[in-house]
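Coordinate analysis (summary)
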Amino acid sequence: MKIAISSKGAAPESEVDPRFGRAAFLLVFDTETGSWSALDNAEAQELAHAAGIRAAEAVCRSGAKTVLSGHVGPKALAVLATGGVQVFHCGAMSALSAVEAFRNGRLAEQQDSGSAPA
Amino acid sequence: MMRIAVASGKGGTGKTTVATGLALYLSRRQSVHVIDCDVEAPNAALLLHPAIFLAGPVMRPVPAIDESRCDHCGKCSDACRFNAIAVTASRVVLFPEICHSCGGCTEVCPRGAITERPRAIGEFADGSVGKIQFTQGSLNAGETATVALIRAVRQMEREADVLLLDAPPGASCPMIAAVEDTDCVVLVTEPTPFGLNDLRIAAEAVRRMDLRAGVVINRDGIGDARVDRFCASAGLPVLGRIAEDRAIAEAYSRGEHPFETVPAFRAAMAAIAQSLGAEASA
C-alpha cells in the first residue's frame, strides 16, 4: 500500500505541510518495500487556481490510496474519492511520524471538505 | 452610435447612478441603450425600473467525456490551464464551473472522447423603460465566467444613438471586457484617498487600451484636491462634478433616481453629457 503525505521538504524527516494543494512536495511511502519517493509539487504551488485538483491528480497517478495532510478542499477531495483515496488529518509532525501515527490508528479520517474555500 | 462605458477602480463611487443618470438625460432627445455589465452585482435596474420583456439563460461550452472512448491518458488534464479536468486511473473528474471554454481539451484528445455541451453560466434580461432600452447580465453564484457573460450581453447591443455600459468596478478582466471597443470611458471617482488610489489604477488600464477617458468627481466637496491634481497631471479631463448632497443619498436609498428629484444632479448630468459631446445637436 502507498501513502501520500503533503510535506514541506523532500526527506521523510520533513514537516507535514498542512496545505494539501500548495505543499512543496508530495511524499509517497510504500509500506511493502519501506521506500520513500518525493513528487515535486512546485508547479502546483505557482498555480493561481485549483492547485488542489492538480495535487490530487498526482496522488491518484502515484497509486497511493491514503493521503495524510492538514486539510483537503472540496474539489481535491472529489478527485481523490474518484481514485479511491482516503484522507486522514494530521497535525504538526514529521512525515515519518505521520506515517507512524496513521499505522497506529491515531489519525482521523476527513469525511467531507467542511467550509474550506474552493 | 456613440459607445460610452462608465467605470471606476473603486466600488461604490456612483458608476450606476451616473450611467443611468446620463441615460435618463440623453433619452429625452435620443435613443439610448443601457447595458448593465456589472454582471456579478447588476443593479442598474434598481434605479431605472425597466419592464423586462425577454429573459433567459446564457450558455457556454464545457467538456463532456465519453468514458467508453477515454483511455485516461491525461492529455486533456495537461492541456487545461485552469485544472478543470482531473484524470485518475479509472475516471475523469470535471469541474465545469472553473472551465474557461477554450476548447483545448477537445482539441488534444487523441480518442475523440471529449465533446462540448452547453452549460448555463448566468442570465440575461432585456426590456425598456420610457425611451431607454435596457439589457443586463447576471452571473450565477459560484461561476467564474464573468468575462464570457459580459461579452454575451454586449452582443445584445441594439441600434441606438448612445450606448451606455455600466462597467464592474476594478481594473482586471471584467472591467476590461466592459470598456473595450468604446468611444469613451467615464471614470467615476470620489475625492478621497481611496477614490484617488483606485482611479489611478483604472486610468492606467484605460490608458494602456488607448481609450479616450475622462473623470466624473462624485461627492465633490468632501476630501481634498488630490484627485483634481492627479487628473491635471495625467491629462484626464474632468467631465463633471456631482456635489456632495444628502438629498441624492436619500433618493438613492429609496431606489428613486436622483435625476428625478434633485435638480443639481440633473444639471450635473447635462454638464457631463456636454463634455462628452454626447448630446445631439438641436
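See the structure shown above.
The paragraphs below set out a description of the structure included in this document. (Residues numbered from 1 in each chain as written. Chains lettered and ligands numbered in written order. Predicted model: local features only at pLDDT ≥ 70, side-chain atom pairs only at ≥ 80, totals over all residues.)

The helix and strand tally for chain B stands at 11 helices and 11 strands. Along the three orthogonal principal directions, the C-alpha set of chain B runs to about 70 × 40 × 35 Å. For chain B, the proportion of its 282 residues judged to be buried stands at 46%. For chain B, the proportion of contacts with a sequence separation of at least 24, taken over those separated by at least 6, is 73%. (Helix = DSSP H or I, 4+ residues; strand = E, 2+ residues; numbered from the N terminus. Buried ≥ 20, exposed ≤ 12 C-beta atoms within 10 Å, placed from the backbone. Contact = placed C-beta atoms within 7 Å.)

Moving on, we get to helix α11 (residues 263-276) of chain B. Each α-helix winds once per 3.6 residues, and so residues spaced three or four apart point in a common direction. Residue and element names in this part refer to chain B. The end-to-end C-alpha distance of α11 is 20 Å, a good match for the 20 Å that 14 residues give at a rise of 1.5 Å each. Along α11, the residues that are buried comprise Phe265, Ala268, Met269, Ile272, Ala273 and Leu276. Seen along its axis, α11 keeps its buried residues to an arc of 135 degrees; they face one direction. Of the exposed residues in α11, the ones pointing more than 90 degrees away from its buried face are Pro263, Ala264 and Gln274. (Expected span 1.5 Å × (residues − 1). Arc of directions from axis to C-beta.)

Residue and element names in this part refer to chain B. Helix length check: helix α1 (residues 15-26) (12 residues) gives 16 Å between terminal C-alpha atoms against 16 Å at 1.5 Å per residue, within 8%. With 12 of 12 residues buried, α1 is to be regarded as a mostly interior element. Within α1, the full set of buried residues consists of Lys15, Thr16, Thr17, Val18, Ala19, Thr20, Gly21, Leu22, Ala23, Leu24, Tyr25 and Leu26.

When the parts of a complex come together, some accessible area is lost, and that lost area is often taken as the interface size. The partner chain A presents 13 residues to the 11 residues of chain B that form the contact. Here the side of chain B that touches chain A is composed, by residue class, of seven nonpolar, three polar and one charged. (Nonpolar A, V, L, I, M, F, W, Y, C, P; charged D, E, K, R; others polar.)

Turning next to the environment of His100 of chain B. All names here are of chain B. Summarising the element assignment, His100 is placed in the loop between β5 (92-94) and α4 (104-108). By C-beta crowding, His100 is classed as partly exposed, having 16 other C-beta atoms within 10 Å. In sequence terms His100 and Val147 are 47 residues apart; their C-alpha atoms lie 9.6 Å from each other.

Residues and elements named next belong to chain B. Direction of pairing for strand β3 (residues 51-65) relative to strand β6 (residues 114-129): antiparallel, over a ladder of 14 bridges. Each bridged residue has a counterpart across the sheet, and for Met59 the counterpart in β6 is Ala120. In this sheet, strand β7 (residues 132-139) lies alongside β6 in antiparallel orientation, the contact comprising eight bridges. Following the sheet pairing, Phe124 is matched in β7 by Gly137. (Pairing = 2+ DSSP bridges.)

This part is about unusual backbone geometry. Positive phi, normally seen in glycine, also occurs at Asp210 of chain B, with a value near 55 degrees. Note on Asp210 of chain B: 6 C-beta atoms within 10 Å, which makes it exposed.

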